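Structure at a glance
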Amino acid sequence: MSDPFQYDLIVIGAGSGGVRLARTAAARGARVAIVESRYLGGTCVNVGCVPKKLFVYASHVREELEDAGGYGFSVPDGALCFDWGTLVANKDREIERLNGIYGRLLDNAGVTLINGTARVTGPQQVTVGDQHYSAERIAVAVGGWPVIPDVSGSEHVLTSNDMFYLKQLPASAVVWGGGYIAVEFASILAGLGVNVRLIHRGDRLLRGFDDDVRDFVADEMRKKGVEISLGHNIQAVTRTGDLYTVTLENGESEEAGMLMAATGRKPLLAGLGLDALDLTLNEDGSVKVNDQFQTSVPSIYALGDVIGTPQLTPIAIAQAMVLSRNLFGDGKGVMHYDNIPTAVFCQPSIGTVGLTEAQARERHGAIRIYRTEFKPMKHTLSGRDERILMKLIVDDASDRVVGAHMVGPEAGEMMQGIAVAMKAGATKADFDDTVGIHPTSAEEFVTLRELHSR
Ligand code: NDP
């Protein structure tokens, strides 16, 4: 009997999760097509993690040059120049290189790339333009898109997507929101010399992070020149030439060269046709899946930012690996979401893994907190007033480290190794038994002997 389907799998969306799923499924012998309407690599490669990190590097340079004074280097007055256009052009070249790599990865794996906007026109049919494609299974990996709150003048509001292609850097900017993207872009802009005010409706930045981290990072960001206004929201924005007037709900107004909203992202489902299939959604509008990434329509799967799990590239990739193994390999695994390390590239950066103090108290009852704050060795000569925070949270009954948090340079680099230890069930005694690397900041994590609180 001939196969009724053209493909075993059609993946919609060539971002981190979609590309990994398509490649690994094809490597297991499946006939796979992937449909993409915009760019290869998705948010992470094009308007997220990768270009953001390049901008983060750029925004550190001025500070490095200032710090160089204490080490005997100096830049003569007026000699320092920064050209935004050069940074954007160099970034664009790198992203194009990565787009090419993604294309070749798909090609080498034997995946058919279909350029265009996909509509799911049946449980096993995808339409792109006037072409219909059939597949035994469909995987939706379309990701998310920034949301701008519905305020008067919202057409003047930029999002993180726009920041990567700004023609010019303004002298001043308002950043709206208090999550990952808001603190990262406020830091990038401030580091590049822009006068930044961050406006957030909550009484602390970064909901979901440990409260100590949230307070500490706000203090340190303020020291680096970011004005942080908590407990305020934006009501309207008007534009006069290149100047924007941002009006807050308390009637106060602020003039700036730009308003960027970083007020969350939502699944990019519009126009995909899933509503016609009665596919069940979660309350937040993300696609509901079971632990096998299967939606309420059994032939349709979904993964990545579109299913409401943490919106992180390594999560989408890990989900893709589980799904590919389960569908086309010998696996029947599920994804575990405990002890997922994450970094926020604000300045100074945050690295974290495991539970916050509040979560640990709720889950384990009796806990021990070990905590230190100190000035990084580098700044003994540079003179910069910057401090590092490190905190370990230990379940008292088992002695297991259940949370590790840091604010300071290279926090993400440090936290990756600590995440391995925690995944392996390391106790505080294991941390204490580990020999430090001297002189580093990281050694503080294995020399935290004094109990801070319970
Ligand atoms: P987040 O969900 O992290 O933060 C959204 C922020 O906007 C919150 O502070 C929220 O406030 C605020 N907000 C939401 N709605 C409104 C509104 N109507 N009016 C005013 N404020 C509002 O989203 P982001 O856009 O910053 O980032 C999206 C996701 O992308 C992140 O959650 C993260 O998973 C991922 N990401 C990861 C990065 C990394 O790994 N380094 C970097 C960048 C993004 P409140 O807390 O009060 O709800």
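What counts as what
- Within each chain, residues carry numbers counting from 1 in the order of the written sequence.
- Owing to the predicted nature of the model, reporting of local features is limited to residues with pLDDT of at least 70; listing and counting of side-chain atom pairs is limited to 80 or more, with chain, interface and lining totals taken over all residues.
- Hydrogens and water molecules were not included; the side-chain quantities draw on all heavy atoms of the structure.
- Buriedness for pockets is judged along seven lines, at least five of which must meet protein on both sides within 12 Å for an open set on the 1 Å grid over protein atoms alone, while cavities are sets there where a 1.4 Å probe fits but cannot get out, and lining residues have an atom within 4 Å of a point.
- Grid points are joined across faces, edges and corners, and a volume is the space filled by probe spheres set on the points.
- Helix and strand assignments come from DSSP, with helices taken as H or I runs of at least 4 residues and strands as E runs of at least 2, each series counted from the N terminus.
- Each residue gets one label: Ala, Val, Leu, Ile, Met, Phe, Trp, Tyr, Cys and Pro are nonpolar, Asp, Glu, Lys and Arg are charged, and the others, such as Gly, are polar.
- Criterion used throughout: strands pair if DSSP finds at least two bridges between them.
- Helix axes are fitted only over the stretch in contact, all axes being lines through C-alpha atoms; the angle between N-to-C directions runs from 0 to 180 degrees.
- Neighbouring residues are identified by heavy atoms, a residue being near a molecule or strand if any of them is within 4 Å of it.
- Any pair of nitrogen or oxygen atoms within 3.5 Å is treated as a polar contact; in protein, a donor-acceptor pairing is required on top of that, and neighbouring residues in sequence qualify only through side-chain atoms on both sides.
- Throughout, the Shrake-Rupley method with a 1.4 Å probe supplies accessible areas, and for residues the shown protein chains are the sole cover considered.
- Among buried residues, those of type Ala, Val, Leu, Ile, Met, Phe, Trp, Tyr and Cys that are joined through side-chain atoms within 4.5 Å constitute a nonpolar core.
- Note on exposure labels: buried denotes an accessible area under 20% of the residue type's maximum, exposed denotes more than 50%, and partly exposed covers the range between, all computed with a 1.4 Å probe on protein chains only.
- We call two residues in contact when some of their heavy atoms are within 4.5 Å.
- Residues form patches when they are more than 30% accessible in relative terms and have no salt bridge. Like charges link within 9 Å. Nonpolar side chains (Val, Leu, Ile, Met, Phe, Trp, Tyr) link within 5 Å.
- Every case where a carboxyl oxygen of Asp or Glu lies within 4 Å of a side-chain nitrogen of Lys or Arg is listed as a salt bridge.
- Geometry of aromatic contacts follows a simple scheme: Phe, Tyr and Trp rings, the Trp one being its six-membered ring, pair when their centres are within 6.5 Å, and the pair is stacked under 30 degrees between planes, edge-to-face over 60, tilted otherwise.
- In this scheme, the term charge over a ring applies when either NZ of a lysine or CZ of an arginine sits within 6 Å of the ring centre and within 35 degrees of the ring normal.

**Observations regarding the layout of surface pockets**
In this structure, the second largest pocket occupies an estimated 610 Å³ of space. Secondary-structure elements contributing two or more residues to the lining of the second largest pocket are helix H3 (49–68), helix H10 (378–382) and helix H11 (411–423). Among the elements that line the lining of the second largest pocket, the one with the most residues is H3, at seven residues. Residues belonging to the lining of the second largest pocket are distributed by class as follows: eleven nonpolar, seven polar and twelve charged.

**With respect to the sheet that holds strand E12 (residues 243–248)**
Within the open sheet, the three strands sit side by side as E11-E12-E13. Their pairing is antiparallel. Looking at which strands have only one partner, the edges of the open sheet turn out to be strand E11 (234–240) and strand E13 (253–256). Sheet twist, expressed as the average angle between the axes of neighbouring strands with direction ignored, equals 20°. Sheet topology note: the E12/E13 ladder contains four bridges and is antiparallel. Within the sheet, the bridge partner assigned to threonine 245 lies in E13 and is glutamate 255.

**Focus: the site of the ligand**
The environment of the ligand is formed by 20 residues, the closest being Ile181, Glu184, Arg201, Arg207 and Ala343. One of the side-chain nitrogen or oxygen atoms of arginine 201 is found 2.8 Å away from an oxygen atom of the ligand. A distance of 2.6 Å is found between an oxygen atom of the ligand and a side-chain nitrogen or oxygen belonging to arginine 207. For the ligand, the accessible surface in isolation is 900 Å², of which the surrounding protein chains cover 78%. Sorting elements by how many residues they give to the shell around the ligand places helix H6 (residues 180–191) first, with three residues. Taken together, the residues that form the shell around the ligand break down as eight nonpolar, seven polar and five charged.

**Quick look at empty space enclosed by the protein**
In this structure the tally under the stated criterion is one cavity of 30 Å³ or more. Quantified by volume, the largest cavity comes out at close to 50 Å³. If you go around the largest cavity, the residues you meet are Pro146, Val147, Thr159, Ser160, Ile181, Ala261, Ala262, Thr263, Gly264 and Arg265. A per-class count over the lining of the largest cavity returns five nonpolar, four polar and one charged.

**Regarding the sheet that holds strand E10 (residues 227–230)**
Taking strand neighbours across the sheet as the criterion, the four strands line up as E10-E9-E8-E14 in an open arrangement whose pairing is parallel. The strands lining the two open edges of the sheet, one partner per strand, are E10 and strand E14 (259–261). Each strand of the sheet is rotated relative to its neighbour by a mean of 20°, with strand direction disregarded. Strand direction decides the pairing type here: strand E8 (residues 172–176) and strand E9 (residues 195–200), joined by five bridges, are parallel.

**Description of the nonpolar core**
Judged by nonpolar contacts, the single largest core of 56 residues is most densely connected at Val11 and Val32. Apart from residues lying up to four places away in sequence, valine 32 is in contact with Tyr7, Leu9, Val11, Ala22, Ala25, Ala26, Gly110, Val111 and Thr112. Among the nonpolar cores identified, the runner-up in size contains 41 residues, and Ala173, Phe185, Ala190 and Val196 belong to it.

**Observations regarding the side chain of threonine 24**
With respect to the helices and strands, threonine 24 occurs in helix H1 (residues 16–27). Taking relative accessible area as the criterion, threonine 24 reaches 15% and is therefore assigned buried. Within the structure, threonine 24 has its side chain in polar contact with the backbone oxygen of arginine 20 (distance 2.7 Å). Ignoring anything within four residues of it in the chain, the contact list for threonine 24 reads Met321 and Ser324.

**Re a nonpolar patch on the surface**
Together, Val61, Leu65, Val75 and Leu80 make up a nonpolar patch on the protein surface, roughly 290 Å² of accessible area in all. Looking at where leucine 65 falls in the secondary structure, it is placed in helix H3. Leucine 65 gets classed as partly exposed once you look at its relative accessible area, which sits at 32%.

**A few points about the packing of aromatic side chains**
Enumeration over the complete set of coordinates arrives at four aromatic pairs. On the basis of an interplanar angle of 55° and a centroid distance of 5.2 Å, the ring pair of phenylalanine 55 and tryptophan 84 is categorised as tilted. You can see phenylalanine 55 sitting in helix H3 and its partner tryptophan 84 sitting in helix H4 (residues 84–109), a full 29 residues away along the chain. No difference in accessibility class separates phenylalanine 55 from tryptophan 84, as the two residues are buried. Considering the side-chain rings of tyrosine 180 and phenylalanine 209, the 5.6 Å spacing of their centres and the 65° angle between planes classify their relative orientation as edge-to-face. Of this pair, tyrosine 180 sits in helix H6 while phenylalanine 209 sits in the loop between E9 and helix H7 (211–223), and the two are 29 residues apart along the sequence. Among the residues examined, tyrosine 180 registers a relative accessible area of 29% and is labelled partly exposed. Through a chain of ring-to-ring contacts, three or more aromatic side chains come together here, namely Phe55, Trp84, Phe164 and Phe185. In this structure, lysine 91 packs its charged tip against the face of tyrosine 165, placed 4.1 Å from the ring centre. Directly above the ring of tyrosine 370 sits lysine 428, whose terminal nitrogen or CZ lies 4.1 Å from the centroid.

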